[in-house]
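Structure at a glance
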Amino acid sequence: MPDTSLAIAVHETFAEPHSPRRFKVFTARQIDRIGPLQELDEETRFAMKVVASVLPFRVNEYVIEELIDWSKVPEDPIYQLTFPQKGMLAPHHFDKVAAALRGGDKAQIDATVAEVRDALNPHPAGQLEHNIPEVDGEKIDGIQHKYNETVLFFPSQGQVCHSYCTFCFRWAQFIGDNDLKIATKEAGQLKRYVQAHPKITDILITGGDPLVMKTKNLRAHIEPLLELQQIRTIRIGSKALTFWPHRFVSDDDADDLLDLFRQVAAAGKHLALMAHYNHWKELEPAIARAAIQKVRDTGAQIRAQGPLLAHINDNADDWARLWQTQVELGIVPYYLFVERDTGARHYFEVPLARAWHIYRDAMQQVSGLARTARGPSMSCHPGKVEIQGITEIHGEKVFVLRMIQGRNPDWVQRPFFARYDEQATWLNHLRPAFGESRFFFEQVLAAGSD
Ligand SMILES: *Cc1c(COP(=O)(O)O)cnc(C)c1O
């Protein structure tokens with residue numbers, strides 16, 4: 001019989017110090033009630049209110065008390081990850097909104113905020129139009145289907161997160177305008193859609209954060225999928241392991257959630273928890289590690305992904321430590337993304353050339369087991385484009401690129417080349433190398449984002 005005493009002991013040491021914390025969250029209207037912010041000057045708090053009136057803001061007490069090192073503010077990465085900073089709006093946008101807020105006229109504020117939001121590319125080219133499937137000519141809300149084998153599902157109760165990331169590429173979903181949301185209320189629709197598309201093997205349940213949902217609601221979405229032979233993998237995209245690990249440890253329905261994960265495994269499917277991580281500090285609290293252990297004990301696999309971001313993680317040492325720690329905790333590093341062309345992108349973006357140097361330097365610091373993160377990867381309209389390297393071919397300095405995922409399956413794994421450009425931060429800044437007039441995928445599509 002296997003000796004389980006160690007496993008049990010480990011659980012107890014992890015679980016004991018955490019009396020169940022009650023989830024308490026602050027939004028833009030409650031900025032003045034966040035204790036540690038009172039130590040900052042009035043101007044900083046006002047700047048925060050200006051930015052938070054344009055971009056979504058939401059942070060919970062666990063993040064404030066356990067993840068942010070307030071002695072390191074404003075540089076602390078988790079503070080940058082969750083708290084609005086003045087530089088997140090362009091100066092002319094910031095000044096406009098600040099003036100409107102000082103003026104105090106509600107209609108004027110609303111109009112100014114709407115105008116600035118519109119200028120921030122709220123739906124990186126075509127998110128709402130291009131990938132939304134239709135059945136009998138009718139659009140199905142809450143489903144995105146871009147790559148043959150994987151369908152994205154946005155359950156309507158999962159359209160919020162335990163805290164918001166300042167760089168979120170889906171920020172426009174969270175500003176209370178229902179027209180902008182992509183969500184569904186109907187679980188049955190997804191099943192019918194999948195059955196009509198036999199190539200679908202993976203469901204990616206995403207949001208927001210689907211783990212904001214009560215387990216019984218999540219179960220209502222997942223259980224019908226377990227009956228489908230064609231479904232091999234269920235992925236859940238979530239940042240709960242960072243923002244609210246109590247979800248897996250001490251919430252009322254934490255055990256029920258873990259049972260649901262076991263149920264997926266028992267049905268012969270793979271459950272992949274696609275965990276969003278930006279910094280190794282997110283992995284440090286004992287409760288975060290207890291949550292990881294509990295998820296792994298169900299047979300689910302945690303895979304980690306996240307973007308490379310100025311002000312948060314734009315250096316190789318932090319990535320090497322993040323990946324190495326993940327491997328030690330049984331998490332598989334999966335993707336390193338390029339910050340998308342939306343929202344506060346000008347604050348967070350890193351030139352593709354620099355991103356590749358950071359990626360490469362981080363890879364060189366770890367062993368092969370931690371080198372499973374592909375990237376830097378751009379999720380653009382034609383597919384996921386990876387920067388494989390920078391080199392010189394016949395005297396021309398070029399980016400070597402690869403299509404990791406393609407709107408057209410025939411594009412997958414195709415290498416291609418772009419002229420080197422030190423400033424470029426997105427695919428639409430790149431031009432084909434060797435005097436060619438277009439990239440191979442541009443016969444059909446423009447090179448916008450998603
Ligand atoms: C990344 C992504 C997927 C999943 O791609 P994998 O390479 O299989 O992880 C699916 N749909 C969309 C829209 C994506 O951006």
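Presented here is a report on the structure given in the accompanying data block. Because the structure is a prediction, the values reported are computed rather than measured.

**Things to note about unusual backbone geometry**
Look at the link from G207 to G208: it is a cis peptide, with omega at 20°. Residue G375 is joined to P376 through a cis peptide bond whose omega torsion reads -15°. Within the element layout of this structure, P376 appears in strand β12 (residues 374-379). You will see that H311, though not glycine, has its phi angle at about 75°, which is positive. Counting through the fold element by element, H311 comes out in the loop between β10 (301-308) and α13 (316-328). Residues other than glycine seldom take positive phi values, yet H394 does so here, at roughly 45°. Along the chain, H394 falls in the loop between β13 (383-393) and β14 (396-406). For H394, a relative accessible area of 84% puts it in the exposed group.

**Quick look at the side chain of D318**
Take D318: it is sitting in helix α13. No salt bridge is formed by the buried D318, whose closest oppositely charged neighbour, R321, lies at an N-O distance of 6.5 Å. Of note is the side chain of D318, whose polar atom sits 3.5 Å from the side chain of H279. At 2.7 Å, the side chain of D318 forms a polar contact with the side chain of N315. With near-sequence residues (within four places) excluded, D318 lies in contact with H279, W280 and I312.

**Quick look at the packing of aromatic side chains**
Applying the stated criterion across every chain yields a total of 21 aromatic pairs. With a centroid separation of 6.1 Å and 85° between ring planes, the pair formed by W411 and F440 is classed as edge-to-face. In this pair, W411 sits in the loop between β14 and β15 (415-419) while F440 sits in the segment after β15, placing the two residues 29 residues apart along the sequence. Owing to a relative accessible area of 7%, W411 belongs among the buried residues under this scheme. Measuring from centroid to centroid gives 5.3 Å for F440 and F441, while their planes differ by 85°, and the two rings are edge-to-face. Overall, F441 belongs to the buried group, its relative accessible area being 0%. Taken together, W411, F416, F439, F440 and F441 form an aromatic cluster joined through their ring pairs.

**Quick notes on the site of the ligand**
Taken together, K146, Y147, T150, L152, R235, Y334, Y335, S379, K384 and Q405 make up the full set of residues near the ligand. Side-chain polar atom of R235 to an oxygen atom of the ligand: 2.8 Å apart, as the coordinates give it. The fraction of the free accessible surface of the ligand (390 Å²) that becomes covered by protein chains is 89%. In this structure, the ligand is accommodated by the largest pocket. At the level of elements, β5 (143-147), β6 (150-153) and β11 (332-338) are the ones that each hand at least two residues to the shell around the ligand. When the residues that make up the shell around the ligand are grouped by side-chain class, the tally is 4 nonpolar, 3 polar and 3 charged.

**Brief notes about the layout of surface pockets**
For the largest pocket, the calculated volume is near 1,000 Å³. What lines the largest pocket is a set of 43 residues, and nearest its centre among them are F169, R170, Q305, F337 and R340. For the lining of the largest pocket, the elements supplying multiple residues, two or more each, are β5, β6, β8 (233-238), β9 (270-276), β10, β11, β12 and β14. Ranked by the residues each element gives to the lining of the largest pocket, the list is headed by β11, at 4 residues.

Scoring rules and cut-offs
- Residues numbered from 1 in each chain as written.
- Predicted model: local features only at pLDDT ≥ 70, side-chain atom pairs only at ≥ 80, totals over all residues.
- Heavy atoms only, no water.
- Helix = DSSP H or I, 4+ residues; strand = E, 2+ residues; numbered from the N terminus.
- Buried < 20%, exposed > 50% of the residue type's maximum accessible area, 1.4 Å probe, protein only.
- Lys, Arg positive; Asp, Glu negative; His and termini not counted.
- Salt bridge = Lys/Arg side-chain N within 4 Å of Asp/Glu carboxyl O.
- Polar contact = N/O pair within 3.5 Å; in protein donor to acceptor, adjacent residues only side chain to side chain.
- Contact = heavy atoms within 4.5 Å.
- Phe/Tyr/Trp six-rings, centres within 6.5 Å; stacked < 30°, edge-to-face > 60°.
- Near = heavy atom within 4 Å.
- Areas by Shrake-Rupley, 256 points an atom, 1.4 Å probe, with all protein chains shown as cover.
- 1 Å grid on protein atoms, 1.4 Å probe; cavity = no way out; pocket = protein on both sides within 12 Å on 5 of 7 lines; lining within 4 Å.
- Sits in = over half its atoms within 2 Å of the grid points.
- Nonpolar A, V, L, I, M, F, W, Y, C, P; charged D, E, K, R; others polar.
- Points joined across faces, edges and corners; volume = space filled by probe spheres on them.

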